[in-house]
Amino acid sequence: MVKLDQIIHAIPTPDGVNASIDGTVVTISKDGSSLTRDFRHNRISVRESNGGLEVHCDLPRRKEKALCGTWAAHIKNMIIGVDTGFTYRLKAVYSHFPMTLAVKGNKFVVNNYFGEKVPRTADILQGVEVKVSNK
C-alpha cells in the first residue's frame, strides 16, 4: 500500500460565515449564532488557511487518515448548520395500534405506542422548532 507523506482536507467557508481557532477549539459563527467544538488529537491539527480551514496530518496511519476525514465532515456540517440550518422530517406510521403525536410545551408526546397505556415523552431542546402535521 502506498504511504502518504501528509493528508490535508481543505474546507472553504462561505461568505458571511466566520471560522476561528483557539488552540484545539473550532468556532463557526454567523449572524449571532455559533457552534463550538473541541478537536483534540496529538497528531492531527485543524488550522486556518486562505478562505477556510484545513484538517492536517503528517505521515498518517490508517486510523488517523479516517479521523481526518471524519473531522472534515464534522466541520462541514457545522458550517451548514450555522449557514442554512437542518430540517428533519419524521413520518410516523402504524399497522395495528393507532398512535398520536403531540407537542405539549417543551415535550414531544407519543400516545398509544405499540398499544402501551403510558405515553412516551421526549424533551425538546431550546432553539428547536417542532411541528406535527397530518400531511
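Everything below is about the structure printed above this text.
Summarised in this report is the structure supplied together with it. These numbers were taken from a predicted model, which means no experiment stands behind them. (Residues numbered from 1 in each chain as written. Predicted model: local features only at pLDDT ≥ 70, side-chain atom pairs only at ≥ 80, totals over all residues. Heavy atoms only, no water.)

1. Remarks on a nonpolar patch on the surface
A cluster of nonpolar residues, V103, L125, V128, V130 and V132, forms a patch on the protein surface that exposes about 400 Å² of accessible area. Its place among the elements puts V130 in the segment after β9 (120–123). A residue is classified by how much of its surface remains accessible, and V130, at 33% relative accessible area, is partly exposed. (Patch = residues over 30% accessible without salt bridge, like charges linked within 9 Å, V, L, I, M, F, W, Y side chains within 5 Å. Areas by Shrake-Rupley, 256 points an atom, 1.4 Å probe, with all protein chains shown as cover. Salt bridge = Lys/Arg side-chain N within 4 Å of Asp/Glu carboxyl O. Helix = DSSP H or I, 4+ residues; strand = E, 2+ residues; numbered from the N terminus. Buried < 20%, exposed > 50% of the residue type's maximum accessible area, 1.4 Å probe, protein only.)

2. Here we look at the pairing of strand β8 (residues 107–111)
With 5 bridges joining them, strand β7 (residues 100–104) and β8 adopt antiparallel strand pairing. Within β8, the residue paired with V103 across the bridge is F108. Counting the residues between successive antiparallel strands, the hairpin from β7 to β8 contains 2 residues, one of them, G105, with a positive phi of roughly 70°. Bridging between β8 and β9 involves 4 bridges; their strand directions are antiparallel. Looking across to β9, one finds that V110 is bridged to R120. (Pairing = 2+ DSSP bridges.)

3. Section: the sheet that holds strand β6 (residues 52–58)
Spatially, 3 strands are ordered β1-β6-β5 in an open sheet, and the strand pairing comes out antiparallel. Every interior strand has two partners, whereas the edge strands, β1 (6–12) and β5 (44–49), have only one. If you compare each strand with its neighbour and ignore which way they point, the axes differ by 20° on average. Pairing of β5 with β6 involves 6 bridges; the strand directions are antiparallel. Bridging from a neighbouring strand, R47 pairs with E54 of β6. (Axes fitted to C-alpha atoms, helices over the stretch in contact; angles between N-to-C directions.)

4. Focus on the nonpolar core
If you look at the biggest cluster of nonpolar residues, it comprises 18 residues, and the most contacted ones within it are I28, F39, V46, V55 and I75. Counting only elements with at least two residues in this core, the list comes to β1, β3 (25–30), β5, β6 and α1 (62–83). Per-element tally for this core: the top contributor is α1, with 7 residues. Excluding anything up to four places from it in sequence, I75 contacts I11, F39, V46, L53 and V55. (Core = buried A, V, L, I, M, F, W, Y, C linked by side-chain atoms within 4.5 Å. Contact = heavy atoms within 4.5 Å.)

5. Side note on the sheet that holds β8
A sheet is described by the order of its strands in space; here 3 strands give the open sequence β7-β8-β9, paired in antiparallel fashion. Looking at strand neighbours, the two that pair on one side only are β7 and β9, the edges of this open sheet. Direction aside, neighbouring strands of the sheet carry axes that sit 20° apart on average.

6. Re the pairing of β3
Alternating positions in β3 separate cleanly, V26, I28 and K30 being buried on one face and V25, T27 and S29 remaining unburied on the opposite face. Where strand β2 (residues 18–22) and β3 come together, 5 bridges link them in antiparallel fashion. Bridge pairing in β3 places D22 opposite V25. Where β2 hands over to β3, the hairpin turn is made up of 2 residues, of which G23 adopts a positive phi near 75°. Where β3 meets strand β4 (residues 33–38), 6 bridges bridge the pair, whose relative direction is antiparallel. Directly across from K30, in β4, lies its bridge partner S33. The antiparallel pairing of β3 with β4 creates a hairpin that spans 2 residues between the two strands, and D31 there sits at a positive phi of about 50°.

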